[in-house]
Amino acid sequence: MCGIVGYIGHREAYPVIIKGLKRLEYRGYDSAGVVLYDGTDLKLSKTKGKVSDLEARAEKEISLNGSIGIGHTRWATHGVPNDVNSHPHVSNSGNLVIVHNGIIENYEPLKKELIKRGYVFHSDTDTEVLVNLIEEVKKQDNLKLGKAVQVALNQVVGAYAIAVFDKERPNEIVAARLGSPLAIGVGKDEFFVASDASPFIEYTSNAIYLEDEEMAIIRLHKPLKIRKIKDDTLVDPYIQELQMNLEQIEKGGYDHFMLKEIYEQPSVIKDTYRGRLHANEGLIKMAGIEDNLQKFLNADRILIIACGTSWHAGLVAEYIFEEFARIPVEVEYASEFRYRNPIVRPTDVVIAISQSGETADTLAAIKLAKEQGAFVFGVCNVVGSSISRETHAGAYTHAGPEIGVASTKAFTTQITVLTLIALRLAQAKGTMNNSDFHRYLQELELIPEKVAEALETNLVAQTIAAVYKDAPNALYLGRGYNFPVALEGALKLKEISYIHAEGYPAAEMKHGPIALIDESMPVFIIAPQQEHYDKIVSNIQEIKSRSGKIIAVVTKGDTQVKALADHVIEIPATSDALSPLLTTIPLQLLSYHIAVMRECNVDQPRNLAKSVTVE
Ligand code: M6R
């Protein structure tokens, strides 16, 4: 979703902001803008399109000097993506400028009121209403900027992360958040404001993450002040030392972040289980689980809430938890859960899964579950994210920054964490015998090597991609543990290549999708040698007899499916429950190559955002 970058200090603000906006491109956006104060006036440039379009335009139309400025990438909510609706927005006096991420739900009555008072609006955005509301409040009560922002925000309903400054006081930026992330980079005689730390990591590793309902008054050469928006209480700024480094957020020689992230999986899966999985000792140690073991053991059921790929990881976990730990599991889309008056009991354990830790629906579902007395455990990647702070306890996936909009390493590391939890619960409950428990620990330890082997299918995947790159539709089928992988495979294809794809449990094919099969339909079947292998072979025969094109992911050495399929991709053998960690790899590679061959924007697919901070 929208990205914010602000700078105040001793450097030229423009290059910091532009570079920072580029780092935030992964969030998804449709327009971009920047405003600087050059000592005499505001210099504003904004455009529909990419940050590179903004650069081209800004370099022609404004002077690029100034050591205070704010920039923005906009993902349209109110008002179509166009130059006028792009941020920053300027108040009617021409003094205040704002960038905003989120939605002001009550912008219409506020706008009407401001119009009555003589304000004129140029855009369709809720943001322009907010900046003029701040101006009005400031003028009416002769307030300083910080106070005016606070009073205005107390009139607003909705979600926001904002950065505002006043050209009449160009030594100050005011930032605030409610429901959308905002970090402040604290350097020597300089400050950065950004939607995440990536825009400022090369300048400082000291960061403050604003909490919901907090605002920061950032003044040069003065102590930074954080206040609660509602009651004005002063909060002690908590400065964290970031662990992230620049290399982690760059492409490292790969053409796309997605490919880099696909290839990182062997190492990040290892990072995920490092210090937690002790195969030789037959132990799993996860602080978040040990500290809350009784809650899990006493749970009547586990409710998993998530969106998108994280929801697919949750579905894999459903199979694993029920099989290993014999605890009933339900998996819910967070967006449905939060609005359907769900029954949540204090004896439920809720697991919220989110790569970004900022997904608005998941966050809202967590709050709802907590209100109803459930214990909520988070599985997040981004350290310090809203979801990791909102949950009672949790486990990080340690996948490192995922920049490509299409989740890849997030999926496999989420499954790794969830498998560790399920195994630990199975051990504690005695629902798995000792030898199986040890076998799983050893197999899990070998997964990174096997993922590396699965990555060797890249060339085969590329060759198959060339054959099917122009297909208008595709079907993905899998059974058991690999049904969610079929859903995930279809999601990967549709989101980055814009080919319509559907995932189905293979046995459900006969209840509808089989009608779609003809000689032009590629059917991607996940068919490793596992339980019900013979059933999936029958499904393949059914497809073959209707002339569908079969691309099968099989276990190395398979002969039966090989004899039937048009193409096979071989992956190493592992146990059924761990197979999604391997079967998903060739599907990621296939989608990637198809998207590249179709000349799609792999890392920033149209209309999509990396972290969906609005509902
Ligand atoms: O950050 P989250 O895991 O909460 O994000 C959830 C979905 O928005 C995300 O998985 C989305 O579906 C990806 N584009 C999938 O590749």
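Residues numbered from 1 in each chain as written. Predicted model: local features only at pLDDT ≥ 70, side-chain atom pairs only at ≥ 80, totals over all residues. Heavy atoms only, no water.

Visitor: What exactly am I supposed to notice about empty space enclosed by the protein here?
Guide: Gaps left between atoms show up when a probe the size of a water molecule is rolled over them. As enumerated under the stated definition, the model contains two cavities of 30 Å³ or more in all. Its boundaries defined by the atoms lining it, the largest cavity holds a volume of some 50 Å³. If you trace the largest cavity, you find it lined by Cys-2, Arg-74, Trp-75, Thr-77, His-78, His-87, His-100, Gly-102, Thr-125, Asp-126 and Thr-127. Among the elements of the structure, β6 (96-104) and α4 (126-140) are those that each provide at least two residues to the lining of the largest cavity. Of the pockets and cavities examined, the second largest cavity occupies roughly 40 Å³. (1 Å grid on protein atoms, 1.4 Å probe; cavity = no way out; pocket = protein on both sides within 12 Å on 5 of 7 lines; lining within 4 Å. Points joined across faces, edges and corners; volume = space filled by probe spheres on them. Helix = DSSP H or I, 4+ residues; strand = E, 2+ residues; numbered from the N terminus.)

Visitor: What's the story with the layout of surface pockets in this structure? I'm lost.
Guide: Approximately 900 Å³ is the volume attributed to the largest pocket. Met-244, Val-382, Val-383, Gly-400 and Pro-401 are, among the 41 residues lining the largest pocket, the residues nearest its centre. Broken down by secondary-structure element, the contributors of at least two residues to the lining of the largest pocket are β15 (240-241) and α7 (265-273). Looking at the lining of the largest pocket element by element, the count peaks at three residues for α7. Here the lining of the largest pocket is composed, by residue class, of 13 nonpolar, 15 polar and 13 charged. (Nonpolar A, V, L, I, M, F, W, Y, C, P; charged D, E, K, R; others polar.)

Visitor: I keep staring at the domain arrangement of the chain and nothing clicks. Help me out?
Guide: By a frequent convention, interface size equals the accessible area lost on bringing the separate parts together. Structurally, the chain comprises domain 1 (3-242), domain 2 (269-432) and domain 3 (454-604). Here the C-alpha centre of domain 3 lies 45 Å away from the C-alpha centre of domain 1. (Domains from an automatic or database assignment.)

Visitor: I'm lost on the pairing of strand β8 (residues 172-178) in this one. Help?
Guide: Within a regular strand, the side chains alternate between the two sheet faces. Burial of β8 is extensive: six of the seven residues sit out of reach of the surface. Adjacent in sequence and paired antiparallel, strand β7 (residues 158-166) and β8 are bridged by five residues. Bridge count for β8 against strand β12 (residues 214-219) is six bridges, and the pairing is antiparallel. For Val-174, the partnering residue across the bridge sits in β12 and is Ile-217. (Buried < 20%, exposed > 50% of the residue type's maximum accessible area, 1.4 Å probe, protein only. Pairing = 2+ DSSP bridges.)

Visitor: Is there a simple way to explain helix α12 (residues 360-371) in this structure?
Guide: Here α12 contains 12 residues, and its C-alpha end-to-end distance of 17 Å stays within 8% of the 16 Å for a straight helix at 1.5 Å per residue. The buried fraction of α12 amounts to nine of the 12 residues, a majority that puts the element mostly inside the structure. Those residues of α12 that fall on the buried side of the exposure criterion are Ala-360, Asp-361, Thr-362, Leu-363, Ala-364, Ala-365, Ile-366, Leu-368 and Ala-369. Two residues or fewer past α12, Gly-373 is found with a positive phi of approximately 90°. (Expected span 1.5 Å × (residues − 1).)

Visitor: Just to check I follow, could you spell out the side chain of Gln-355 for this structure?
Guide: By the secondary structure assignment, Gln-355 is in the loop between β20 (348-354) and α12. Overall, Gln-355 belongs to the buried group, its relative accessible area being 9%. Within polar-contact distance, the side chain of Gln-355 engages the side chain of Asn-381 at 3.0 Å. Leaving out residues up to four positions away in the same chain, Gln-355 has contacts with Ser-310, Cys-380, Asn-381, Val-382, Glu-402, Ala-410, Gln-414 and Lys-610. (Polar contact = N/O pair within 3.5 Å; in protein donor to acceptor, adjacent residues only side chain to side chain. Contact = heavy atoms within 4.5 Å.)

Visitor: Any chance you could explain the pairing of strand β2 (residues 31-37) here in plain terms?
Guide: Burial analysis of β2 places seven of its seven residues in the buried class, which makes it a mostly covered element. Here β2 shows two buried faces, one formed by Ser-31, Gly-33, Val-35 and Tyr-37 and the other by Ala-32, Val-34 and Leu-36. What sits between the antiparallel neighbours β2 and strand β3 (residues 42-48) is a turn of four residues, in which Gly-39 has the positive phi angle 100°. Where β2 and strand β4 (residues 68-74) come together, seven bridges link them in antiparallel fashion.

Visitor: Looking at this model, I keep getting lost on the state of the cysteines. Mind explaining?
Guide: Here, the word disulfide means a covalent bond between the sulfur atoms of two cysteines. One pass over the full model with this rule turns up zero disulfides. The thiol of Cys-307 is not disulfide-bonded; the next cysteine sulfur, from Cys-380, is found 12 Å away. The class of Cys-307 is partly exposed, set by a relative accessible area of 24%. (Disulfide = S-S within 2.5 Å.)

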